[in-house]
Amino acid sequence: MPGPYDLGRADLAALLHDEPAYRVEQVWRGLYEQGRRPAEMTNLPGPLRERLESALPPALRLVTESVSEGRKTVKWLWALSDGAQVETVLMHYPERATVCVSSQAGCAMGCTFCATGQAGFTRQLSAGEIVEQVVAARRAAAPSRLSNVVFMGMGEPLANYDRVWAAIVRLHDDLGLSARHLTVSTVGVVPGIRRLATEALPVNLAVSLHAANDRLRNSLVPLNRRYPLGLLLEACRQYLTAKGRRLSFEWALIAGVNDRPADAEELADLVRPLGAHVNLIPLNPTPGYPVRGTSAGGVRHFRDQLTALGVNATVRRNRGTDIDAACGQLAARAGALAIASGR
Ligand code: SAH
Ligand code: SF4
């Protein structure tokens, strides 16, 4: 069953065919401007509210909420209408709030070090299921303004291109979020990057690199065998030329694997011509990958090496590790169990 945020205005009009025409706009605003569910739309007559509440139940049902670091990071585990589970993470910063959304239940890309990858793929999320995560986060963030959305939760957004793009258009057109504040993170789905370069909205592109030679990258990111670095970087260049937006590369620092001086040099050679930014993330431990993340001192040292080599690099703080809300830790473990047991 599609959720309320899967409907277009025409679908809503069809649902409200026996009501005065202005109701469509009222309900649309209730959903997008106020982020309300029909039962809370007090400007509608009671019977209509009830009818809409049963016709348009939320697509996300809260299973658990985890809160960390003085409420700075909040993680929600949601059950979808078919029982599949996904997670959303809200991060509060002094001036704004950012939400990290899931684009798929699970992920088929199988990156060795990622908890979502280790759990495998369940299904694609609909555009409405993605938008509803943002609406829920915006409500929870108030009075702070939710300004940024990053597609860095569960799943590979460019392996669910059409629905992700439909969600981005909704976030921009109907939730009023600026394209500059929307970031799509990909492990390197080259046709998806090429397609993104042709879209009208200039969203930010983050590419999860982790290795700057094909031998190492093949062992960390299986998709690299299909789209090796040469092809990936060519697609990045194309995106840069088309959009003129800053490109960023994600690099999860893994002790003894990709944190050596030679790795910094190799990475710098690859990044400098693109003028890209590097985000360093110390690897988060996951059950299926018995290698440690680089120490905090090692991470700073790697950053300093990159800086000395003329590369713009920052260390991303690992928010929410205590509630398993950090990058690569989203696995909806309870969800996997529920599906396995057929509930
Ligand atoms: N599939 C997309 C987006 C979701 S993953 C992608 O891979 O880009 C979001 C980010 O978390 C990616 O940069 C990914 O490489 C990173 N990540 C995955 N597992 C991690 C781990 N164990 N520690 C740190 N970062 C991790
Ligand atoms: Fe999927 Fe991204 Fe995890 Fe790789 S890192 S398995 S692409 S979610």
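Nothing here was measured: the structure is a model prediction, and the numbers come from that model.

Student: Hey, could you run me through the overall build of the protein in this one?
Tutor: Assigned secondary structure in the protein consists of twelve helices and twelve strands. Relative to a compact globule of 343 residues, whose C-alpha radius of gyration would be 20 Å, the protein shows 21 Å and is just as compact. Principal axes of the C-alpha set define a box for the protein whose edges measure 70 × 45 × 40 Å. Buried positions account for 55% of the 343 residues belonging to the protein. Considering only intrachain contacts with a sequence separation of at least 6, the fraction spanning at least 24 residues in the protein is 66%. The centroid of the 39 positive side-chain charges in the protein is displaced by 3 Å from the centroid of its 32 negative side-chain charges.

Student: In this structure, what is going on with the site of ligand 2? I would like to understand it.
Tutor: Every residue close to ligand 2 is listed here: Cys107, Met109, Gly110, Cys111, Cys114, Gly117, Gly155, Glu156 and Val187. When atom positions are compared with the pocket grids, ligand 2 is found to occupy the largest cavity. Here the residues of the shell around ligand 2 sort into five nonpolar, three polar and one charged.

Student: Hey, could you run me through the layout of surface pockets in this one?
Tutor: Rolled over the atoms, a probe sized like a water molecule indicates the empty space that remains. There is about 850 Å³ of room inside the largest pocket. Together, 31 residues line the largest pocket, and Tyr93, Val150, Met152, Asn279 and Arg316 are the ones closest to its centre. Listing elements by their share of the lining of the largest pocket, those giving two or more residues are strand S3 (85-92), strand S4 (97-100), strand S7 (146-151), strand S9 (204-208), strand S10 (247-253), strand S11 (277-282) and strand S12 (312-315). The class makeup of the residues in the lining of the largest pocket is 13 nonpolar, ten polar and eight charged. Along its surface, the second largest pocket is lined by 16 residues, and Arg37, Pro58, Glu132, Ala136 and Arg139 are the ones closest to its centre. Looking at the lining of the second largest pocket, the element that brings in the most residues is helix H5 (residues 127-141), giving four residues. Its residues assigned to classes, the lining of the second largest pocket shows ten nonpolar, one polar and five charged. The two domains that each donate at least three residues to the lining of the second largest pocket are domain 1 (4-55) and domain 2 (61-340).

Analysis parameters
- Residues numbered from 1 in each chain as written.
- Chains lettered and ligands numbered in written order.
- Predicted model: local features only at pLDDT ≥ 70, side-chain atom pairs only at ≥ 80, totals over all residues.
- Heavy atoms only, no water.
- Helix = DSSP H or I, 4+ residues; strand = E, 2+ residues; numbered from the N terminus.
- Rg over C-alpha atoms; globule rule 2.2 N^0.38 Å.
- Buried < 20%, exposed > 50% of the residue type's maximum accessible area, 1.4 Å probe, protein only.
- Contact = heavy atoms within 4.5 Å.
- Lys, Arg positive; Asp, Glu negative; His and termini not counted.
- Charge placed at Lys NZ, Arg CZ, Asp CG, Glu CD.
- Near = heavy atom within 4 Å.
- 1 Å grid on protein atoms, 1.4 Å probe; cavity = no way out; pocket = protein on both sides within 12 Å on 5 of 7 lines; lining within 4 Å.
- Sits in = over half its atoms within 2 Å of the grid points.
- Nonpolar A, V, L, I, M, F, W, Y, C, P; charged D, E, K, R; others polar.
- Points joined across faces, edges and corners; volume = space filled by probe spheres on them.
- Domains from an automatic or database assignment.

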